[in-house]
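If you want the building blocks of each chain, they are given just below.
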Amino acid sequence: MSKVIKIKAEREYDVLMTEDWRHELVEIAKSRTRCAVILTQVMRDQIGNLEADDCEFSYYLIPDGEEGKSPASLLKLWNWLAAGGFTRSDLIVGIGGGAVTDIAGFAAATYLRGIDWVAIPTSVAGAVDAAIGGKTGANLDYGKNMIGSFHSPITVLIDLSWFTTLSDRDFAAGLAEVIKCGFIRDEEILKRIQGQSLASIRSNNELVADLIYRSVAIKASVVGNDFKEGFEREILNYGHTFGHAVEQHSKYSLKHGECVSIGMAYMAHLQHSLGLITDEVHKLHFSILQGIGLPTHYKGGDWLELRAIMSRDKKSRGHSVRFVVISKIGITDRLTDVAQGELLSAYEKVCS
Ligand code: GLY
């Protein structure tokens, strides 16, 4: 049965949890003349050809992962759209993980100063985070999503059947963002995951649907209050300040969600040593993350390099690194001007 979550951003649109993304997409495409589907070769092989009344579908193959989000890859995509004569009344559709929907959305935001697009996330991370909330972007050598735009899709279609083909590693990495939603807004998420293994979660479709629904609902509410990340939306970056630094430092060899997991472990240590969270909440971070096989250690880093990357975080103001913190599960705040010794000490615990 389909479920709808409404998002109020620069316009109102639906996130539809559906058992038939193809049918839903065809319904949307019927009113268009042309539709540019952006996806990887693997997805292209999986989906075959789409057909909808008078709509002509064209397919653009993009490299998987962050490679597809380089300026060179974006330029090729813009030129393909222009060479194909796509117009403002046509539609872009991104089918894939977060990297694919990010770049498809950014192409839609910028080509002809903006055309409509539909996001079809095929990973857990994409469904609960990247495809929700209208952030689109591409990478520079200096960091991920250093260029981008807020440009909401007209619809997001989440079909859980995609997730059955994900590797355990990808599935668990996506759950890191779900767990993050639990810490910042919804203790129920943590209760449902606590004590479960990855296999027991994966084999329980109802639980997976519930976790995805809850996470999307949290993101919809946060984005509805603060679309352009004035302040509240930053809470979605719990664990991401250190996590992004690890991601970049590891040259993207770790998955985004794995880095977020390490980032939440870092925050657990930092907040605990500053007396911001109890022993129980500190321990909960590790039992939940480790319980589903997510990493909570990072041994590969040089602290000064990681700290330098953290200071370039988009939440930073001036020279001060700004962290999203929780005072209790579900209650967030910001932390700035942390003593260097505290930052280093939390890092040493993540390394040990
Ligand atoms: N991924 C964080 C956000 O969408 O704001």
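Note that the structure is a prediction, hence the values are computed from the model and not measured.

(A) Structural detail: the overall build of the protein chain. Per the secondary structure count, the protein chain includes 14 helices and 11 strands. Burial status across the protein chain gives 55% buried among its 352 residues. At a minimum sequence separation of 6, the contacts of the protein chain that also span at least 24 residues come to 70%. Of the accessible surface of the protein chain, which amounts to about 14,700 Å², a share of 51% is contributed by carbon and sulfur atoms. Side chains of the protein chain give 38 positive and 44 negative charges; the mean places of these two sets differ by 4 Å.

(B) Just a nonpolar patch on the surface, in detail. Taken together, the side chains of Leu140, Tyr142 and Met146 make up a nonpolar region of the molecular surface, amounting to roughly 310 Å² of accessible area. Structurally, the position occupied by Tyr142 is in the loop between strand S7 (135–140) and strand S8 (143–150).

(C) Expanded view of the site of the ligand. Within the structure, the ligand sits among Asp129, Lys135, Lys219, Arg233, Leu236 and Asn237. Here a nitrogen atom of the ligand sits 3.0 Å away from a polar atom, N or O, in the side chain of Asp129. Contacts to the ligand include Lys135, whose side-chain N or O atom sits 2.9 Å from an oxygen atom. Here the ligand loses 90% of its free accessible area of 200 Å² to cover by the protein chains. In terms of residue class, the shell around the ligand is built from one nonpolar, one polar and four charged.

(D) Focus on the sheet that holds strand S6 (residues 116–121). Here we have seven strands laid out as an open sheet, ordered S1-S2-S9-S6-S5-S3-S4, and mixed in their pairing. Where the open sheet ends on each side, the last strands, each with one partner, are strand S1 (3–8) and strand S4 (56–61). Across the sheet, the mean angle from the axis of one strand to that of its neighbour is 20 degrees, orientation sign disregarded. Relative to strand S5 (residues 91–96), strand S3 (residues 34–39) runs parallel, the two being bridged by four bridges. Paired with Val37 across the bridge in S5 is Val93. Set on the sheet, helix H4 (residues 98–110) makes contact with S3, S5 and S6; between it and S5 the angle comes to about 170 degrees.

(E) Spotlight on helix H12 (residues 279–291). In a regular helix each residue adds 1.5 Å, so 13 residues correspond to 18 Å; H12 covers 18 Å between its end C-alpha atoms and thus fits that length. Lining the buried residues of H12 we find helix H6 (168–184), helix H7 (187–193), helix H11 (256–273) and strand S10 (323–328). After H12 finishes, the residue Gly293 shows a positive phi value of roughly 85 degrees.

(F) Inspection of the environment of Ala209 at higher detail. Tracing the chain through its elements places Ala209 in helix H9 (residues 205–225). Beyond its immediate stretch of four places on either side in the chain, Ala209 contacts Met17 and Leu160.

(G) Main features of unusual backbone geometry. A positive phi angle, near 55 degrees, is found at Lys251, a position not held by glycine. The topology assignment puts Lys251 in the loop between helix H10 (240–249) and H11. Within the chain, Tyr252 stands out as a residue other than glycine whose phi angle is a positive 60 degrees. Its place among the elements puts Tyr252 in the loop between H10 and H11. Taking the relative accessible area as the measure of exposure, Tyr252 reaches 30% and is therefore partly exposed.

Reading the values: rules and limits
- Residues numbered from 1 in each chain as written.
- Predicted model: local features only at pLDDT ≥ 70, side-chain atom pairs only at ≥ 80, totals over all residues.
- Heavy atoms only, no water.
- Helix = DSSP H or I, 4+ residues; strand = E, 2+ residues; numbered from the N terminus.
- Buried < 20%, exposed > 50% of the residue type's maximum accessible area, 1.4 Å probe, protein only.
- Contact = heavy atoms within 4.5 Å.
- Areas by Shrake-Rupley, 256 points an atom, 1.4 Å probe, with all protein chains shown as cover.
- Lys, Arg positive; Asp, Glu negative; His and termini not counted.
- Charge placed at Lys NZ, Arg CZ, Asp CG, Glu CD.
- Patch = residues over 30% accessible without salt bridge, like charges linked within 9 Å, V, L, I, M, F, W, Y side chains within 5 Å.
- Salt bridge = Lys/Arg side-chain N within 4 Å of Asp/Glu carboxyl O.
- Near = heavy atom within 4 Å.
- Polar contact = N/O pair within 3.5 Å; in protein donor to acceptor, adjacent residues only side chain to side chain.
- Nonpolar A, V, L, I, M, F, W, Y, C, P; charged D, E, K, R; others polar.
- Pairing = 2+ DSSP bridges.
- Axes fitted to C-alpha atoms, helices over the stretch in contact; angles between N-to-C directions.
- Expected span 1.5 Å × (residues − 1).

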